[in-house]
Amino acid sequence: MILLRFLLISFLFVLVMGIFILYFIVKRFKNITRQFRQTTAERPKSDRQTVIDRRHPDEVHKKIIPKDEGEYVDFEEEA
């Protein structure tokens, strides 16, 4: 009878401890997701820069980099 009572108390103790551990894990996970959502929501949306091309339509398709700048390098495929 004492062994059965000991096993029952041990089982209940392990069950209660498991519930507490799961509760704290879920609580921590919710806190982390809440903090993540707050930090992503607080990011300024104005990080992006808008480029306005005011060149004449005839110049739009011309190269921007002058011909004397940079050099051509042949593509060599590695084996």
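Peer 1: Quick question: what am I supposed to make of the overall build of the protein chain here?
Peer 2: Helix and strand content of the protein chain: 1 helix and 0 strands. Taking 79 residues into account, the globule formula puts the C-alpha radius of gyration at 12 Å, and the protein chain, at 33 Å, lies well above it. The buried share among the 79 residues of the protein chain stands at 0%. By element, 63% of the accessible surface of the protein chain is carried by carbon and sulfur atoms, the whole surface being about 9,100 Å².

Peer 1: Would you mind going over the environment of Met1 with me for this structure?
Peer 2: Take Met1: it is sitting in the segment before helix 1 (2-41). Remark: the alpha-carbon pair of Met1 and Val14, spanning 13 residues in sequence, is separated by 20 Å.

Peer 1: Explanation requested: a nonpolar patch on the surface in the structure shown.
Peer 2: A contiguous nonpolar surface patch, about 1,000 Å² in accessible area, is contributed by Phe13, Val14, Val16, Met17, Phe20, Ile21, Leu22, Tyr23, Phe24 and Ile25. Following the sequence through the fold, Phe13 ends up in helix 1. Exposure remark for Phe13: the relative accessible area of 55% places this residue in the exposed category.

Peer 1: Explain the environment of Leu7 to me, please; I cannot follow it from the model alone.
Peer 2: Mapped onto the secondary structure, Leu7 falls in helix 1. For the pair Leu7 and Arg37, spaced 30 residues apart in sequence, the C-alpha separation works out to 45 Å.

Peer 1: It is not clear to me how the packing of aromatic side chains should be interpreted in this structure. Could you clarify?
Peer 2: Working definition: an aromatic ring pair is given by the centre-to-centre distance plus the angle between the planes. A full pass over the atoms with the stated rule returns 1 aromatic pair. For the ring pair Tyr23 and Phe24, a centre distance of 5.4 Å and an interplane angle of 65 degrees mean the geometry is edge-to-face. With relative accessibility at 48%, the residue Tyr23 sits in the partly exposed group.

Calculation rules
- Residues numbered from 1 in each chain as written.
- Predicted model: local features only at pLDDT ≥ 70, side-chain atom pairs only at ≥ 80, totals over all residues.
- Heavy atoms only, no water.
- Helix = DSSP H or I, 4+ residues; strand = E, 2+ residues; numbered from the N terminus.
- Rg over C-alpha atoms; globule rule 2.2 N^0.38 Å.
- Buried < 20%, exposed > 50% of the residue type's maximum accessible area, 1.4 Å probe, protein only.
- Areas by Shrake-Rupley, 256 points an atom, 1.4 Å probe, with all protein chains shown as cover.
- Patch = residues over 30% accessible without salt bridge, like charges linked within 9 Å, V, L, I, M, F, W, Y side chains within 5 Å.
- Salt bridge = Lys/Arg side-chain N within 4 Å of Asp/Glu carboxyl O.
- Phe/Tyr/Trp six-rings, centres within 6.5 Å; stacked < 30°, edge-to-face > 60°.

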